[in-house]
Amino acid sequence: MPPAESNDVKIMNKSIVCEDSTLRGDITISQGCVIHPSASILAEAGPIILGENCIVEEYATIAYRLTEEQKRQKEEGNLEPCPPLVVGSNNVFEVGCIVEAQKIGDKNVFECKCYVGPEVVVTNGCVVGAAVSLKCKQVLPESTVIYGRDCQQREAIDKYAYQTLQIDFLRKVLPNYHHLRKPNQDPKRTRSVV
Amino acid sequence: MANFMQDSVVKYACSCGILNPISKLFFCRHCPKLRCGFCVCHEVDSNFCSNCLENIPSSEARNKKNCCANCFNCPCCHHTLSARATTVVVQKKPEEGAKDGDGAAGADAKPDPSKVITKKMYYLSCLACRWTSRDVGIPDQSVATGSWPDNECAYQTRFNALAEYYQAVVQQDKQERQEYLRRKTPKTHKFPSLTDRTGLTVSIIRRQMGWSDKNTQKAKPVNIAPAQNTEDVGQLPESIFTQKINLRNITTVKQRHNQPCEQPFTINKLYPQRRGLWIKRSLRCRECEHNVIKPEYHPTSVKYRIQLFASYHVPDVLLVKCDQPLKAGEPNAVILKLSNPTLHDMEINIVELPTEEDELKLIEEFKRACTLKDTSLTAATAMDSLKSLTGSPSLTGTASLTNTSLVRQTSILEEPRVVKLKVNSKLQPPEASFILNLRDDSREFDDEPQTTTKSEPEFIVSRKSNKVYLSLKFIPDADLKTGDDVYVGFNMLYTYVNTVTNTPEKKEPTTHVLNCRIYVQVGSIEA
């Protein structure tokens, strides 16, 4: 874990980030995201950029970890900075999921208690079902649904249902019961400064 | 309850000779014997849907092909589908009627609120695999249940014709058999019948009633076109050799079997399947025809009206531990925990298992008893079967009527068999019997510990309320090899106080000495 001083959390306005969440490393949270209490985002290897309107529920973990090779390199001190992990927009990370994927596109759902390993590339519109564990190196094609104990796959034909209602609801309710981290970035203002 | 879900090391031999853990056994209080699921009569009590918990009468269930009218299963992953509502914007102008398909987000632009009304539309969706009824192009419905289209398969008419034909065949077969039986049965019965006394025969009665002498409506099966074989099955398309198959579009074997009338090849032909009904069943002892298990009728209730589980009546034996590592031919001992589930003290005596000859002799004796019982009933059963064929008990004489209480159902007795499991150790049974105290739930709230006044036999390790820990000595056979499982078997004689009385004169509970054969898998021979 990097020490607390190295935390560099940028929170855009209009996003709800609970104070009880664990945010480590260089993290950018875009507009409209909802980070529940005791969710964790661990940017160990490099920065994490979370896209717009993502929901990260309780006990969900998004991690960008160093590989064994990189760890050794870091100890030797010749680790090159890793490219940022970009998480697309409209993703939902449900309760207790652990996502360490290499790349995450838009409109994906990671259901409860699922695990996505570091060698997985998640494209757009995918659903990783509850308790599904993906460990091997693979690329999930667009709108894949993985479900069940045997991790069966199918292609979702129906359109992705946006989580707008859920986000609006959370945006209303969460501030009533939790301390929030203040947004410290305003995209309009930064633009005007630049 | 440690052995409720997994296979237990302690098994009881049912009276039919099949080994079962105690959680799967029943105890018939009237016989009184152990019964297992194999040697009781299973009867369907009620049909119900496990999703909506609606009770469906059996005739209606048969009509609906044992499927629920309202609930559907996902054709993709076989979970229950749930109806989901969406608000759809409908233009007020009737000729425009165009519906906006996806209004889930409510993000549709509403040009003029006064001109627009919203309507709730429902579609089916699976919460496990996210299959929706829109995937296969089933239009959304305006009501959540009842209006979903049935997918008629292509062979429906052919199937109906075949079903009709074979029903007619069955009907004809039945009639012929009935005719044959009527010719076969002797005119004079062992028992006096009402028609004998009045000097009337069935045919005379029929004639008097103005019915025709015989069943004239002979069902003649309509001829059906037999299936024809064809040589030409068509060639595989060229693309199958050249193009990569997209496995995601092809159904799995399970999905096809779930939709048996079509067995679709591609996933775009998967339709929601009506959910199969569940049953509540009651179990009946085949020997005395008393109910062993009878559930409450209502589907939402999980209680029983009659529940004669063996674990309520038979002492429960648990393997605690083995004294020493198991070695072939060396004396050893197991600690067993016996608990008394009943409200009466039990006297328990542990003896050796009967030898195979004894077992065979017992079975032989039982069979003889059965045949005796059978011959006394055959006359009645013959009449009864006749009655069930004609479906009119009044026409077949009184002999069957007087006996209907005895032959509720002509149940076939399960022939007992020799227990398959062979014991491979020599038991050294304890020399004395002992008392297993009654179960008293209030005893555990007593403050003072019980003082044992009388001296215990030395094989009893300890005693606590209704439980006894005893040590049982045995010697594994000398010819066992390393890794072989060691089985210890014993015959447990226990006193059972039967509180139900079969006869009205005897009111006080009777005490029986019952026995059950118990087989314990102690472990495997150590290296």
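Just so it is clear, the structure is predicted and the values come from calculations on it, not from any experiment. Per chain, residue numbering runs from 1 following the sequence as it is written. Chains carry letters from A onward and ligands carry numbers from 1 onward, assigned in written order. A pLDDT threshold of at least 70 governs which residues receive local features in this predicted model, and a stricter bar of 80 or more applies before side-chain atom pairs are shown or counted, although totals over entire chains, interfaces and linings include all residues. Values reported for side chains reflect all heavy atoms of the structure, with hydrogen atoms and water molecules removed beforehand.

A. Just the overall build of chain B, in detail. If you tally the helices and strands in chain B, you get eight helices and 22 strands. Buried residues in chain B amount to 34% of all 527 residues. Here the accessible surface of atoms and residues is derived via Shrake-Rupley with a 1.4 Å probe, and residues count as covered only by protein chains that are part of the display. Carbon and sulfur atoms form 53% of the exposed surface of chain B, whose accessible area is close to 32700 Å². In DSSP terms, a helix is any run of H or I states spanning at least four residues, a strand is any run of E spanning at least two, and both are numbered starting from the N terminus. With a 1.4 Å probe rolled over the protein chains alone, any residue whose accessible area is under 20% of its type maximum counts as buried; one over 50% counts as exposed, and the rest are partly exposed.

B. Representation of the interface of chain A and chain B within the structure. Should any heavy atoms of two residues lie within 4.5 Å, those residues are considered in contact. Listed as interface residues are 17 residues of chain A and, on the opposing side, 15 residues of chain B. By convention, the term buried area covers the 1.4 Å-probe accessible surface removed from two parts as they join, with the contributions of both added. Across the chain A to chain B interface the summed buried area is about 1400 Å²; carbon plus sulfur atoms make up 47%. Area buried by chain A at its contact with chain B is led by A:Y147, A:R154 and A:D158, which between them contribute 41% of it. Salt bridge, as used here, is a side-chain nitrogen of Lys or Arg placed within 4 Å of a carboxyl oxygen of Asp or Glu. Viewed at the interface, chain B and chain A are joined by three salt bridges.

C. Just the packing of aromatic side chains, in detail. All names here are of chain B. Between the rings of Phe, Tyr and Trp (Trp by its six-membered ring), a pair exists once the centres lie within 6.5 Å; its type follows the angle of the planes, with under 30 degrees stacked, over 60 edge-to-face, and the other angles tilted. Tallying each qualifying case throughout the model produces eight aromatic pairs over all chains. Ring geometry for F48 and W278: centres 6.5 Å apart, planes at 65°, overall edge-to-face. Taken as a pair, F48 in strand β5 (residues 40–48) and W278 in strand β11 (residues 278–285) lie far apart in primary sequence, 230 residues in all. On the accessibility criterion, F48 (7% relative accessible area) is buried. You can call W278 partly exposed: its relative accessible area is 47%.

D. Broad picture of the sheet that holds strand β17 (residues 127–128) of chain A. DSSP bridges decide pairing: two strands pair if at least two such bridges lie between them. The eight strands lie next to each other as β2-β5-β8-β11-β14-β17-β20-β21 (chain A), forming an open sheet whose pairing is mixed. Bordering the open sheet on either side are β2 (16–17) and β21 (152–155) of chain A, each of which pairs with just one other strand.

E. Spotlight on helix α2 (residues 164–177) of chain A. Residue and element names in this part refer to chain A. Multiplying one less than the number of residues by 1.5 Å gives the expected span of a helix. Over its 14 residues, α2 extends 21 Å from the first C-alpha to the last, a length consistent with the 20 Å expected when each residue adds 1.5 Å. Most pronounced at R171, the bend in α2 amounts to some 25°, and the proline P175 follows within four residues. Lining the buried residues of α2 we find β2, β5 (34–35) and β8 (55–56). To obtain the bend at a residue, axes are fitted to the seven residues ending there and to the seven starting there, and the angle between these axes is taken.

F. How the structure looks around a nonpolar patch on the surface. Each patch groups residues whose relative accessible area exceeds 30% and which form no salt bridge, using 9 Å between like charges and 5 Å between nonpolar side chains of Val, Leu, Ile, Met, Phe, Trp and Tyr. Nonpolar side chains collect at one region of the surface, where B:L236, B:I240, B:F241, B:I245 and B:L247 lie side by side and expose about 550 Å² of accessible area between them. On the secondary structure map, B:I240 appears in helix α5 (residues 239–242).

G. How the structure looks around the domain arrangement of chain B. Residue and element names in this part refer to chain B. By convention here, the domain bounds are inherited from an automatic or database domain assignment. With domains assigned, chain B is organised as domain 1 (26–66 + 278–313), domain 2 (72–90 + 119–166 + 243–276) and domain 3 (314–377 + 414–525). Its C-alpha centre places domain 1 at a distance of 32 Å from the equivalent point of domain 2. The partner domain 2 presents four residues to the six residues of domain 1 that form the contact. Roughly 380 Å² of surface becomes buried between domain 1 and domain 2 when both sides are summed, with 40% attributable to carbon and sulfur atoms. Area buried by domain 1 at its contact with domain 2 is led by N51, N66 and W278, which between them contribute 64% of it. If you look at where domain 1 meets domain 2, you find zero salt bridges. Think of a polar contact as two N or O atoms within 3.5 Å of one another; within protein, one of them needs to be a possible hydrogen donor and the other a possible acceptor, and neighboring residues in sequence only count if both atoms come from side chains. Across the contact surface, domain 1 and domain 2 share one residue pair in polar contact (both at pLDDT 80 or more). Amino acids outside the nonpolar list (Ala, Val, Leu, Ile, Met, Phe, Trp, Tyr, Cys, Pro) and the charged list (Asp, Glu, Lys, Arg) are all regarded as polar, and Gly is one of them. Partitioned by chemical class, the residues of the side of domain 1 that touches domain 2 number two nonpolar, three polar and one charged.

H. Fine view of the side chain of B:S301. All names here are of chain B. The topology assignment puts S301 in the loop between β12 (291–295) and β13 (304–307). Take S301: its relative accessible area is 16%, and that puts it in the buried class. Here the side chain of S301 touches E296 through a polar contact of 2.7 Å, side chain to side chain. There is a polar contact of 3.2 Å between the side chain of S301 and the backbone nitrogen of K303. Residues contacting S301, with those up to four places away along its chain left out, are K280 and E296.

I. Geometry of the sheet that holds strand β3 (residues 22–24) of chain A. Reading across the sheet, the six strands line up as β3-β6-β9-β12-β15-β18 (chain A) and stay open at both edges, with parallel pairing between neighbours. Each of the sheet's edge strands pairs with one partner strand only, and the pair in question is β3 and β18 (133–134) of chain A.

J. Quick look at the pattern of salt bridges. Inspection of every chain in the model, using the stated rule, returns 19 salt bridges over all chains. The partner of A:E44 in a salt bridge is A:R65, and the shortest N-O contact between them spans 3.5 Å. Taken together, the positions of A:E44 in the loop between β6 (40–43) and β7 (48–50) and A:R65 in the loop between β9 (61–64) and α1 (68–76) put the pair 21 residues apart, joining distant regions of the chain. Overall, the relative accessible area of 23% leaves A:E44 in the partly exposed class. The salt bridge involving B:K426 is made with B:E352; its shortest N-O contact spans 3.1 Å. Remark: B:E352 occurs in the loop between β16 (346–351) and α7 (356–390) and B:K426 occurs in strand β17 (residues 425–428); sequence separation between them is 74 residues. For B:K426, a relative accessible area of 44% gives the class partly exposed. Residue B:E352 is classed as partly exposed on the basis of its relative accessible area of 40%.

K. Structural detail: the nonpolar core. Residues belong to a common nonpolar core when they are buried Ala, Val, Leu, Ile, Met, Phe, Trp, Tyr or Cys residues joined through side-chain atoms within 4.5 Å. In terms of nonpolar packing, the biggest core is built from 42 residues, with B:Y12, B:F490 and B:Y494 touching the most fellow members. In terms of residues, this core owes the most to one element, strand β21 (residues 485–498) of chain B, which gives six residues. Viewed by domain, this core spans two of them, domain 1 (26–66 + 278–313) and domain 3 (314–377 + 414–525) of chain B, each represented by three or more residues. Judged by nonpolar contacts, the second largest core, of 39 residues, contains A:I29, A:A39, A:Y64 and A:A101.

L. Examining unusual backbone geometry more closely. The phi angle at A:N53 is positive, at roughly 55°, despite the residue not being glycine. With respect to the helices and strands, A:N53 occurs in the loop between β7 and β8.

M. Broad picture of the confidence of the model for chain A. Confidence in the prediction of chain A, expressed as mean pLDDT, is 88, and 93% of residues score 70 or more. By definition, pLDDT measures how confident the predictor is in each residue, and it falls between 0 and 100. Across residues 1–5 of chain A, confidence stays below pLDDT 50; counting only partners more than four residues off in sequence or on other chains, it has five contacts.

N. Up close: the confidence of the model for chain B. All names here are of chain B. Taken as a whole, chain B shows an average pLDDT of 79; of its residues, 77% reach a score of 70 or greater. Note on residues 94–110: pLDDT is under 50 here. Beyond four places in sequence and across chains, it has 17 contacts. Contacts from residues 377–409, a stretch scored under 50 in pLDDT, to residues over four places away or in other chains number 42 contacts.

O. Region of interest: the environment of B:S465. On the secondary structure map, B:S465 appears in the loop between β19 (460–464) and β20 (467–476). Considered as a pair, B:S465 and B:E43 are 422 residues apart in the sequence and their alpha carbons are 39 Å apart.

P. Fine view of the state of the cysteines. Here, two cysteine sulfur atoms that lie within 2.5 Å of each other are counted as a disulfide. Applying the stated criterion across every chain, the model contains zero disulfides over all chains. Looking at B:C36, it has no disulfide partner, and the nearest cysteine sulfur is the one in B:C16, 3.6 Å off.

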